[in-house]
Amino acid sequence: MTLPQIIVPVFNAFEVLVPCLRSIERTVPSETRVLLIDDASTDPRVRPLLEAWVAESAQQSRLLVHEQNQGFVCTANHGMSLATADLVLLNSDTEVTNGWLQRLARCLDSNSDIATATPWSNNGEIVSIPGFCKVNPPPARPDEVAATIADCGTPSYPEMPTAVGFCMAISSRAIEAIGDFDEQAFGRGYGEENDFCSRAGEAGMRNVLCDDAYVIHHGGASFSPLGLKPGEESMQRLLAKHPGYQQKVSEFIRMDPLATRRQELLACLERAGIRMR
């Protein structure tokens, strides 16, 4: 099994970037390719941190630097253009856990029609646990949470209407079929992953939950100093391309098809003595 390449777009957010890099160093096998892209961070601490991490990391790491800020979509596309296999777009305000990358790889490999896979998270909208579509606090023992989730039943990789961008595994098959993010429509961010997943669905591919993996997401740190917020304008651009998108997501949230699996995992966590609430 070939592990996906990891792409981490970075803009400032020094305080959460440090634990993110530490978690990658701790959990990712040495043969894995890790690409960090500094999108012209204005915090003077960021570039030296990235340079030192690449120089010292055990992984096959590389740093690219944008001298002018280009925004998340362009930065992500820059990374995707350099990938030679499946990849994971990983926000710099995440903390990954033991086995996360291997589980995402197995998920992508499980069926040729899978375009994207997203793990569970404390703060992942439709993949949030324990509270669905809520911002839950990070657990005190994330690796124990991840191990318990991984050992709780057989993963079924349920379909979702969209991936969630904090940790988005993308198959090379999907990129070959539909291309990368739509920079022209979504500019500096918000809506690009939803559009990508909708295009994947229209091409006969699926977006799934990797329901045996777990990643912490702090949320709202990276790229937020630019004042970018998901708003009406980005939603209208998305609906102009995919008129049924909002209804599809609303119906998914109303039906909550992940509820049974989520309750199964919470029961396993409770038996293991791990409190999530």
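Residues numbered from 1 in each chain as written. Predicted model: local features only at pLDDT ≥ 70, side-chain atom pairs only at ≥ 80, totals over all residues. Heavy atoms only, no water.

Draft legend 1. Structural context of the overall build of the protein. When its secondary structure is counted, the protein shows eleven helices and ten strands. Taking 19 Å as the expected radius of gyration for a compact globule of 277 residues, we find that the protein reaches 18 Å, a close match to that expectation. If you line up the protein on its principal axes, its C-alpha atoms span 45 × 45 × 35 Å. Residue burial in the protein is summarised as follows: out of 277 residues, 57% are buried. A separation of at least 24 residues holds for 82% of the contacts in the protein among residues at least 6 apart in sequence. (Helix = DSSP H or I, 4+ residues; strand = E, 2+ residues; numbered from the N terminus. Rg over C-alpha atoms; globule rule 2.2 N^0.38 Å. Buried < 20%, exposed > 50% of the residue type's maximum accessible area, 1.4 Å probe, protein only. Contact = heavy atoms within 4.5 Å.)

Draft legend 2. Quick peek at helix 10 (residues 245-255). Considered for burial, the residues of helix 10 that qualify are Tyr 245, Val 249 and Phe 252. End-on, the buried residues of helix 10 take up no more than an arc of 55°, which puts them together on one face. In helix 10, those exposed residues whose orientation departs by more than 90 degrees from the buried face are Gln 247, Arg 254 and Met 255. Phi turns positive, to about 45°, at Asp 256, one or two residues after helix 10. (Arc of directions from axis to C-beta.)

Draft legend 3. A look at the sheet that holds strand 9 (residues 206-214). With mixed pairing, the eight strands of this open sheet are ordered in space as 3-2-1-4-8-6-9-7. Looking at strand neighbours, the two that pair on one side only are strand 3 (60-66) and strand 7 (159-160), the edges of this open sheet. Note: strand 1 (residues 5-10) against strand 2 (residues 33-39), five bridges, orientation parallel. Directly across from Val 10, in strand 2, lies its bridge partner Asp 38. Where helix 4 (residues 100-109) meets the sheet, its contacts fall on strand 1, strand 4 (87-90), strand 6 (114-120), strand 8 (167-170) and strand 9, and the angle it forms with strand 6 comes to roughly 145°. (Pairing = 2+ DSSP bridges. Axes fitted to C-alpha atoms, helices over the stretch in contact; angles between N-to-C directions.)

Draft legend 4. Local environment of the pairing of strand 6. Counting buried positions along strand 6 yields seven of seven residues, so the element is predominantly enclosed. Two elements, strand 6 and strand 9, share six bridges in a ladder whose sense is parallel. Pairing of Ala 117 across the sheet is with Val 208, part of strand 9. Direction of pairing for strand 6 relative to strand 8: antiparallel, over a ladder of two bridges. In the sheet register, Ala 117 faces strand 8, and the bridge partner there is Ala 169.

Draft legend 5. Looking closely at the packing of aromatic side chains. All chains considered together, the criterion is met by one aromatic pair. Their ring planes at 85° and their centres at 5.7 Å tell us that Phe 181 and Phe 196 sit as a pair that is edge-to-face. On the criterion of sequence distance, the pair formed by Phe 181 in the loop between helix 6 (172-178) and helix 7 (183-186) and Phe 196 in helix 8 (residues 192-202) is long-range, its members being 15 residues apart. Each member of the pair, Phe 181 as well as Phe 196, is classed as buried. (Phe/Tyr/Trp six-rings, centres within 6.5 Å; stacked < 30°, edge-to-face > 60°.)

Draft legend 6. Local environment of the pairing of strand 8. The alternating pattern of strand 8 places Cys 167 and Ala 169 on one face and Met 168 and Ile 170 on the opposite face, and all of these are buried. Where strand 4 meets strand 8, four bridges bridge the pair, whose relative direction is antiparallel. Of the residues in strand 8, the one forming a bridge with Leu 87 is Ile 170.

Draft legend 7. The arrangement of the pattern of salt bridges in detail. All told, the structure shown has 15 salt bridges when counted by the stated rule. The shortest N-O distance in the salt bridge between Arg 45 and Glu 15 comes to 3.1 Å. Residue Arg 45 is found in the loop between strand 2 and helix 2 (46-56), and its partner Glu 15 is found in helix 1 (residues 14-27); the two are separated by 30 residues along the sequence. Between Arg 199 and Asp 195 there is a salt bridge, with its nearest N and O atoms 3.0 Å apart. In this pair, Arg 199 and Asp 195 both sit in helix 8, four residues apart, roughly one turn of the helix. Judged by its relative accessible area of 16%, Arg 199 falls in the buried class. Linked through salt bridges whose partners overlap, the residues forming this network are Asp 182, Asp 195, Arg 199 and Lys 241. (Salt bridge = Lys/Arg side-chain N within 4 Å of Asp/Glu carboxyl O.)

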